[in-house]
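Observations on the three-dimensional arrangement
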Amino acid sequence: MPGGSPKLAKQLVKLMYRHRWQPLEFRGNGYLLEVRPYHAKLEAGFTLWRTGPDSQLRPVVSGHTENGYLLTAEGFVLDLPPALEQAVAQLLAQKPVRAAAHSA
């Protein structure tokens, strides 16, 4: 399966494992990244939000890991543009904040 950011997928699952499958969020550079357990599997779901000029959160991309790849909700391979993959990687390099009761 080409694409699907295997390195990032592996990072997300390891992160969930290290934090005992508790929801996490990361903030920085105008982004909010939510990482959560994905259903009853040992996989991770994520949503990347961008803060707009009006301070409202706008969804940028969401997906989940499965078998070492990033997939869309529909199960297709999720190929992130390099700039987004880098933004997610930079957020994951920070110390996570336990996810608040956020809902957009």
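Every value quoted in this text rests on a predicted model; they were computed, and no experiment measured them.

Details of the overall build of the chain
Across its full length, the chain holds 2 helices and 6 strands. Counted from the first residue to the last, the chain has its helices and strands arranged as α-β-β-β-β-β-α-β. Its C-alpha atoms give the chain principal-axis dimensions of about 40 × 30 × 25 Å. Taken across its 104 residues, the chain has 38% of its residues classed as buried. Here the contacts in the chain between residues at least 6 apart in sequence split such that 48% fall between residues at least 24 apart. As displayed, the chain has an accessible area near 6300 Å², and 55% of this comes from carbon and sulfur atoms. Looking at the chain, you have 12 positive and 8 negative side-chain charges, and the mean spots of the two groups are 11 Å apart.

So, the pairing of strand β3 (residues 44–51)
Side-chain direction in a regular strand flips from residue to residue, so the side chains alternate between the two faces of the sheet. The buried fraction of β3 amounts to 6 of the 8 residues, a majority that puts the element mostly inside the structure. In the sheet, strand β2 (residues 31–37) pairs with β3 via 7 bridges, with the strands oriented antiparallel. By the bridge assignment for β3, P37 is matched with A44. Relative to strand β4 (residues 57–66), β3 runs antiparallel, the two sharing 7 bridges. If you follow T51 over to β4, its bridge partner there is L57.

Some points on the pairing of β4
The turn linking β3 back onto β4 is made up of 5 residues, and S55 within it adopts a positive phi angle of 70°. In this structure, β4 lies alongside strand β5 (residues 69–71), joined through 3 bridges in antiparallel fashion. Residue pairing for β5: T65 is matched across the bridge by L70.

Concerning the packing of helix α1 (residues 6–18) against helix α2 (residues 82–92)
One way to put it is that α1 packs onto α2 with a least axis distance of 11 Å and a crossing angle of 25°. What the angle tells us is that α1 and α2 run roughly parallel. Crossing angle aside, the handedness with which α1 passes α2 is left-handed. Two secondary-structure elements touch here, α1 through L8, Q11, L12 and L15 and α2 through E85, V88, A89 and L92. Split by residue class, the contact of α1 with α2 holds 6 nonpolar, 1 polar and 1 charged.

Criteria and cut-off values
- Residues numbered from 1 in each chain as written.
- Predicted model: local features only at pLDDT ≥ 70, side-chain atom pairs only at ≥ 80, totals over all residues.
- Heavy atoms only, no water.
- Helix = DSSP H or I, 4+ residues; strand = E, 2+ residues; numbered from the N terminus.
- Buried < 20%, exposed > 50% of the residue type's maximum accessible area, 1.4 Å probe, protein only.
- Contact = heavy atoms within 4.5 Å.
- Areas by Shrake-Rupley, 256 points an atom, 1.4 Å probe, with all protein chains shown as cover.
- Lys, Arg positive; Asp, Glu negative; His and termini not counted.
- Charge placed at Lys NZ, Arg CZ, Asp CG, Glu CD.
- Pairing = 2+ DSSP bridges.
- Axes fitted to C-alpha atoms, helices over the stretch in contact; angles between N-to-C directions.
- Parallel < 35°, antiparallel > 145°, perpendicular 65-115°, else oblique.
- Left-handed = near helix turned anticlockwise from the far one by under 90°.
- Nonpolar A, V, L, I, M, F, W, Y, C, P; charged D, E, K, R; others polar.

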